[in-house]
Amino acid sequence: MLARLRQLGSNPNRSLLARALIGDASAMLRPSAASPATAASSATAARHLDATYRWLCQAQDATPDGGVSGLHNLWTGRWSTSYPETTGYIIPTFLAFGQARGDEEARERALRMADWLCDVQMADGAVLSGLLGGPRGPAVFNTGQAVFGWVAAHRQTGAERYADSAVRACEWLLARQDDDGAWRGNLSLMTTAPVHTYNGRCAWALIYAAETLGETRFAQAAHAAGEWVLGQQSESGWFEGNAFSLDEVPLLHTIAYVIEGLLGVWAFSGHRRYLEAALRAVHPIMALSSAGRLGGRLDRDWRATVPWRCPTGDAQIATVLHRLERHLPGHGYGRAASRLIGDVLGVQRRLGGGTAPVPGGGAAAGGVPGSSPIWGPYMRFSLPNWAAKFLLDALLLEVEGVDELSFRVRAPEAAARDAAP
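What comes next is a walk through the structure. (Residues numbered from 1 in each chain as written. Predicted model: local features only at pLDDT ≥ 70, side-chain atom pairs only at ≥ 80, totals over all residues. Heavy atoms only, no water.)

### Looking at the packing of aromatic side chains
Okay, step 1: Across all of its chains, the model carries 15 aromatic pairs by this definition.
Okay, step 2: A centroid spacing of 4.9 Å and a plane angle of 50 degrees characterise the contact between Tyr53 and Phe94, whose relative ring orientation is tilted. Placement of Tyr53 in helix H3 (residues 42–61) and of Phe94 in helix H4 (residues 84–101) is noted, with a sequence separation of 41 residues between them. Phe94 matches Tyr53 in its accessibility class, with the two residues each being buried.
Okay, step 3: Connected via pairs of aromatic rings, a cluster forms that spans Tyr89, Phe141, Tyr198, Phe244, Tyr257 and Phe390.
Okay, step 4: The ring of Phe407 carries the charged tip of Arg323 above its face, separated from the ring centre by 4.5 Å. (Phe/Tyr/Trp six-rings, centres within 6.5 Å; stacked < 30°, edge-to-face > 60°. Helix = DSSP H or I, 4+ residues; strand = E, 2+ residues; numbered from the N terminus. Buried < 20%, exposed > 50% of the residue type's maximum accessible area, 1.4 Å probe, protein only. Lys NZ or Arg CZ within 6 Å of the ring centre and 35° of its normal.)

### Regarding helix H13 (residues 333–351)
Okay, step 1: In this model, H13 (19 residues) spans 28 Å end to end at C-alpha, consistent with the 27 Å of a helix rising 1.5 Å per residue.
Okay, step 2: Directly beyond the C-terminal end of H13, a positive phi value near 75 degrees is found at Gly353. (Expected span 1.5 Å × (residues − 1).)

### A short note on unusual backbone geometry
Okay, step 1: A cis amide bond links Ser372 with the next residue in sequence, Pro373, at an omega value of 5 degrees.
Okay, step 2: Within the secondary structure, Pro373 is located in the loop between H13 and strand E3 (382–384).
Okay, step 3: One non-glycine residue, Asn186, lies in the positive phi region at around 55 degrees.
Okay, step 4: Inspection of the secondary structure assignment puts Asn186 in the loop between helix H7 (160–175) and helix H8 (201–213).
Okay, step 5: Of note, Met379 is a non-glycine position whose phi angle comes to about 55 degrees, a positive value.
Okay, step 6: Along the chain, Met379 turns up in the loop between H13 and E3.

### Things to note about the sheet that holds strand E1 (residues 71–73)
Okay, step 1: Read from one edge to the other, the open sheet built from three strands follows the order E2-E1-E3, with strand pairing classed as antiparallel. With partners counted over all chains shown, the strands left at the sheet margins are strand E2 (78–79) and E3, one partner each.
Okay, step 2: Seen against the sheet, helix H14 (residues 385–400) touches E1 and E3 and runs at an angle of roughly 55 degrees to E3. (Pairing = 2+ DSSP bridges. Contact = heavy atoms within 4.5 Å. Axes fitted to C-alpha atoms, helices over the stretch in contact; angles between N-to-C directions.)

### A short note on the pattern of salt bridges
Okay, step 1: The final tally for this structure, using the stated rule, is 30 salt bridges.
Okay, step 2: Note that Arg101 is salt-bridged to Glu400, the shortest N-O span being 2.7 Å. Of this pair, Arg101 sits in helix H4 while Glu400 sits in helix H14; the two residues are 299 residues apart in sequence, bridging distant segments of the chain.
Okay, step 3: By relative accessible area, which is 30% here, Glu400 ends up partly exposed.
Okay, step 4: The shortest N-O distance in the salt bridge between Glu276 and Arg272 comes to 2.6 Å. Separated by four residues within a single helix, Glu276 and Arg272 lie in helix H11 (residues 272–290), roughly one turn from each other.
Okay, step 5: Using a relative accessible area of 32% as the deciding quantity, one classes Glu276 as partly exposed. (Salt bridge = Lys/Arg side-chain N within 4 Å of Asp/Glu carboxyl O.)

What follows is the structure in structure tokens.
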């Protein structure tokens, strides 16, 4: 406790923490605090889009190496070192932003991220677990997320350096995949569970790489992982083995990772079973959101087990819903996505004590906290870069109608027919 107080005492920007605390406390006192938000106006969403992008630029500029700082800690007032995993999947988002806005700076930033990822890739092809400078060890999930960035950068530039890094990472993943499609080794130095169903998001990375680089073995590995994930889903749509440790209830964030992975494999393969599995998980979450009962952790009966929200997961589900709306219109997915985005934009405003974020308005402006309220236990008092990345994805779809570059349905008309009830 004394160490924590000393950290706070040495924080040169304590006012940012104070505003965030006041914003959340004030919101909790309002009678409508538990009600689902309404969709933001297009002008409001556009302002938040710009502020979120600029916050991620600020996170990149906070490091000396071209990677993106993993988080800003409002308690200490400090930025962390760069985070290879999340820098990887920020790349296709920045490339999409650059295309949507005709912004060459976004493209240049994305390629700097990709170059840095090449520089820090481990000799055997893996990607580090955790933040740069922490304990060194490879991680399956982190490696898969870096593949998204290298493949997107290769598609944009044709540079063989990115293709080579992607191939080496994919080969590393294949060499460590079990016969049933799961990964049980080299999971992460930061987790203790013996298997992670959310590693299914690596299946999406592998099939994206297979489609781009023409390597069928990567697609076969993606399907093997996808089939294993299907076997972890209960009749209610919930996924077993999807938490960081055996004694915790999964975060909405990791649940969303699995759904994203299934939807990504469907997008590239067209196999309906992956879409159906994603929908079985999405529909209970939509119902909770509509009723104002969505929480940061959801148990096997789709009950919220905590009173706080996980804005990262909220933004991920909003992105999934927008993708579904584009390819399966007429089921209310777009409206549900807009309401969830409205929730997260409200969280962003509370960081500023109730005012909308302004690009360049400081270390909190445009960031997204790990928990809402900010003192919740997931990434307490911190603004992780992955939360901002997923909100930027959702806002790009909401405002610009543009998806990040690693999600592409190969034959949209056929996919829509295949997905019809």
